[in-house]
Amino acid sequence: MTSATPVSAAPDAPARPSPTIPAAAPAPTGRRSARRRELGACGVLMTPFFVLLVTVFLIPVGTAVYLSFFSDDQPGLGFGPERTVFAGLRNYSAVLTDPTFLGGLGIVALYCLVYIPLMVIGALALALLLDSGVVRLRGTAQLALFLPHAVPGIIAALIWLYLYTPGISPVIELLGKADITVDFLGVHTVLPSIVNIALWSNLGYNMVVFYAALQAVPREVIEAAVVDGAGPVRTALRVKAPLVRSSIVMVAMFTLIFALQLFTEPMLLSQSTPMINSRFSPSMYIYDAAFTRNNYGLAAAASVVLLLCTIALSYGVTRWTNRANAAEEDTR
C-alpha cells in the first residue's frame, strides 16, 4: 500500500490593500485668486468712471432736485429777513405754466428739427466723399474740416457775431455792393444763423466719426457691390451707409442732447439783436432765473424739466432704433 504524501498548503498570498475612497479635492484656490484679481482690476479701471459719474452728474442732479422743492420767501410785507421754505411742486407749476419757458422749448424743438438732419446728413456726405477716394489730399481736407471744432464755442460765436453785425461785417458789405440786403439777425433769419454757427463748429468732428466707421467696413463687401454693377452713389447709399447705422444713431443722439442745451450762440448774439431775449432757450431761462432773478428754486425746477425732456427724447430715439433694427432683421 502506498501512503499518500501529505500536500503542504501553499503559503498565504500577501493581502491586497483595500481600495481607499479618494479624499475630496481641495477647492481651486488658483481659479478663485485669478477671479479676485480680475475683479480687482475691473474695480480699479471703473473707479474713475464712477467717481466722475457721482461728482459730475449724480450730485448736481440730486442737488437740483432738492433745490426745486424750496423757494426763498420774505414774511410780512417783504421787510423781514428772507428765509427758505418748502414749496412742494410750486416751482414746477410756475415753470410749466410760464409762456417764456414753453416758448423756449418750442424754439429749441424747431432748432433741433433744422439742425440735426443737416448735421447728420452733411457729416455723413462728407465722410462718404472722403472715403470714396475722389477727394485728393485727403488728410489735408480732414484737417481743414476738423479745425473749426478746435475753436472754442465762445470764440466761434464771436467770429460769426462779427460777420453778422451790420456796419462792420465784410460779408454784409460785399453783399451790399451786389445790391443784396441780408439781415442775418432778423426775426426770420436769427435761428438759421444760430444753426449755421453750430454746423460750422461741429460738422467736421462728426465727419471724422463717420469716416472712422467707414474705415471698418470690409473692403470685400464694397468690391462685391462694384462687381455687381453698383455705381459710386449707389454703393455709398445702399452699401456703406447701412453698415454704419450704429454710428449714425450715436451721432444723432449726441447731437440731440447737445442741441437741447442751446446756450452759447444765442447768449452772445443777444448782444446785437433784440430778436433774442434773455429767455430765448431753456438753458438761457435757467441762467436768467438763477443769476438775474436769484430764484434758484425756479432755476432748479427748470433744469429738472429740461433733464426729463432730454432723457425722454433719448429713450425714444433708442427705442425707435431698436425696433427698426428688429424689423429689418425679421424681413431678412
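Quick note: structure is the one above.
Just so we're clear, the structure is a prediction, and the values are computed from it rather than from any experiment.

Lay out the overall build of the chain with the relevant residues and their values.
Secondary structure assignment for the chain yields 13 helices and two strands. Residues classed as buried in the chain amount to 31% of the 332 residues present. In the chain, once contacts between residues fewer than 6 apart in sequence are set aside, the share between residues at least 24 apart is 63%. Total accessible area on the chain stands at roughly 21600 Å², and carbon and sulfur atoms take up 68% of it.

Before we move on, could you go through the packing of helix 5 (residues 153-164) against helix 7 (residues 190-215) and cite the residues and values that matter?
Two elements in contact, helix 5 and helix 7, have axes whose closest approach is 10 Å; the angle formed by their N-to-C orientations is 135°. With respect to their mutual orientation, helix 5 and helix 7 come out oblique. Crossing handedness for the pair helix 5 and helix 7: right-handed. Counting all contacts with helix 5, which are made through Ala156, Ala157, Trp160 and Tyr164, the residues of helix 7 involved are Ser193, Asn196, Ile197, Trp200 and Ser201. Counted by class, the contact of helix 5 with helix 7 contains six nonpolar, three polar and no charged residues.

Requested: an account of the pattern of salt bridges, with residues and values cited.
Enumeration according to the criterion identifies five salt bridges in this entry. As a salt-bridge pair, Asp131 and Arg219 come within 4.0 Å of each other at their nearest N and O atoms. Note that Asp131 is positioned in helix 3 (residues 99-132) and Arg219 in helix 8 (residues 219-227), a separation of 88 residues in sequence. Judged by its relative accessible area of 35%, Arg219 falls in the partly exposed class. The partner of Arg293 in a salt bridge is Asp288, and the shortest N-O contact between them spans 3.0 Å. The buried category is assigned to Asp288, whose relative accessible area is 6%. A cluster of three or more residues bridged by salt bridges with shared partners is formed by Asp131, Arg219 and Lys240.

Run through the nonpolar core, naming residues and quoting values.
In terms of nonpolar packing, the biggest core is built from 46 residues, with Tyr111, Tyr115, Ile194, Phe210 and Leu269 touching the most fellow members. Of all the secondary-structure elements, those providing two or more residues to this core are helix 3, helix 5, helix 7 and helix 10 (245-260). Setting aside anything within four residues of it in sequence, one finds Leu269 in contact with Leu161, Tyr164, Leu185, Ile194, Ile197 and Ile276. Counting residues in hydrophobic clusters, the runner-up holds 16 residues, among them Tyr92, Val95, Tyr285 and Ala300.

Hey, could you go over helix 3 for me, with residue numbers and the actual values?
The end-to-end C-alpha distance of helix 3 is 49 Å, a good match for the 50 Å that 34 residues give at a rise of 1.5 Å each. Looking one or two places after helix 3, you find Gly133, whose phi comes out positive at around 85°.

Give a detailed account of the packing of aromatic side chains, specifying residues and quantitative values.
By the definition in use, this model includes twelve aromatic pairs. Where Tyr111 meets Tyr115, the ring centres are 5.2 Å apart and the plane angle is 20°; that geometry is what we call stacked. Here Tyr115 and Tyr111 lie together in helix 3, a separation of four residues that amounts to about one turn. With respect to class, Tyr111 is no different from Tyr115; both count as buried. With a centroid separation of 5.6 Å and an interplanar angle of 55°, the aromatic rings of Phe263 and Tyr287 are classed as tilted. In this pair, Phe263 sits in the loop between helix 10 and helix 11 (264-269) while Tyr287 sits in helix 12 (residues 282-291), placing the two residues 24 residues apart along the sequence. For Phe263, a relative accessible area of 25% puts it in the partly exposed group. Put simply, the rings of Tyr66, Phe69, Phe70, Phe86 and Tyr92 touch in pairs and so form one group of aromatic residues. Lying across the ring of Tyr285, Arg293 places its NZ or CZ 5.2 Å from the centre.

Outline a nonpolar patch on the surface, supporting the account with residue identities and numerical values.
There is a patch of nonpolar side chains on the surface, built from Ile154, Ile155, Leu158, Ile159 and Trp200 and spanning about 420 Å² of accessible area. Looking at which element gives the most residues to the nonpolar patch, the answer is helix 5, with four residues. Inspection of the secondary structure assignment puts Leu158 in helix 5.

I'd like to hear about the environment of Ser246, residue by residue, with values.
Positionally, Ser246 belongs in helix 10. Relative accessible area serves as the criterion here: at 59%, Ser246 is assigned to the exposed category. Considered as a pair, Ser246 and Ala213 are 33 residues apart in the sequence and their alpha carbons are 9.2 Å apart.

Outline helix 10, supporting the account with residue identities and numerical values.
Turn by turn, an α-helix covers 3.6 residues, leaving residues three or four places apart pointing in a common direction. Helix length check: helix 10 (16 residues) gives 23 Å between terminal C-alpha atoms against 22 Å at 1.5 Å per residue, within 8%. For helix 10, the full list of buried residues reads Ser247, Ile248, Val249, Val251, Met253, Thr255, Leu256, Ala259 and Leu260.

Help me get a handle on the side chain of Asp98, residues and values and all.
Locating Asp98 in the fold gives a position in the loop between helix 2 (90-96) and helix 3. It is Arg279 that comes nearest to the buried, bridge-free Asp98 among opposite-charge side chains, at 4.3 Å. Leaving out residues up to four positions away in the same chain, Asp98 has contacts with Arg279 and Tyr285.

Help me get a handle on the environment of Val251, residues and values and all.
Position of Val251 relative to the elements: it lies in helix 10. Taking the relative accessible area as the measure of exposure, Val251 reaches 3% and is therefore buried. In this structure the C-alpha to C-alpha distance between Val251 and Met207, which are 44 residues apart in sequence, comes to 9.8 Å.

Cut-offs applied
- Each chain carries its own residue numbering, running from 1 in the written order of its sequence.
- Restriction of local features to residues with pLDDT of at least 70 applies here, the model being predicted, together with a cutoff of 80 or more for giving and counting side-chain atom pairs; totals for whole chains, interfaces and linings are based on all residues.
- Side-chain figures throughout are based on the complete set of non-hydrogen atoms in the structure, without hydrogens or water.
- Elements are defined by DSSP. Helices are runs of H or I of four residues or more, strands are runs of E of two residues or more, and each kind is numbered from the N terminus.
- Partly exposed residues are those whose accessible area sits between 20% and 50% of the maximum for their type, while under 20% is buried and over 50% is exposed, using a 1.4 Å probe and protein chains only.
- The contact rule is simple, with two residues in contact once any of their heavy atoms fall within 4.5 Å.
- Only the protein chains shown count as cover for residues, with accessible areas throughout obtained via the Shrake-Rupley method and a probe of 1.4 Å.
- For every element, the axis is a line fit to its C-alpha atoms; helices are fit only across the contacting stretch, and the angle between N-to-C directions ranges from 0 to 180 degrees.
- What sets the label is the angle itself: under 35 degrees gives roughly parallel, over 145 gives roughly antiparallel, 65 to 115 gives roughly perpendicular, and the rest give oblique.
- The crossing is said to be left-handed when, going from far helix to near helix, the turn is anticlockwise and less than a right angle, and right-handed when the turn is clockwise.
- Under this grouping Gly is polar, as are all residues other than the nonpolar Ala, Val, Leu, Ile, Met, Phe, Trp, Tyr, Cys and Pro and the charged Asp, Glu, Lys and Arg.
- In what follows, salt bridge is the name for a side-chain nitrogen of Lys or Arg lying within 4 Å of a carboxyl oxygen of Asp or Glu.
- Among the buried residues, those of types Ala, Val, Leu, Ile, Met, Phe, Trp, Tyr and Cys that are joined through side-chain atoms within 4.5 Å form a nonpolar core.
- In this analysis, the expected span of each helix is defined as 1.5 Å times one less than the number of residues it contains.
- Aromatic rings from Phe, Tyr and Trp, taking only the six-membered ring of Trp, are treated as a pair when their centres fall within 6.5 Å; an angle between ring planes under 30 degrees marks them as stacked, one over 60 as edge-to-face, and anything in between as tilted.
- Sitting over a ring, as applied to charges here, requires NZ of Lys or CZ of Arg to be within 6 Å of the ring centre and within 35 degrees of the ring normal.
- For patches, a residue must show more than 30% relative accessible area and have no salt bridge; joins then use 9 Å for like charges and 5 Å for nonpolar side chains, namely Val, Leu, Ile, Met, Phe, Trp and Tyr.
- We score Asp and Glu as negative and Lys and Arg as positive, and we do not count His or the chain ends.

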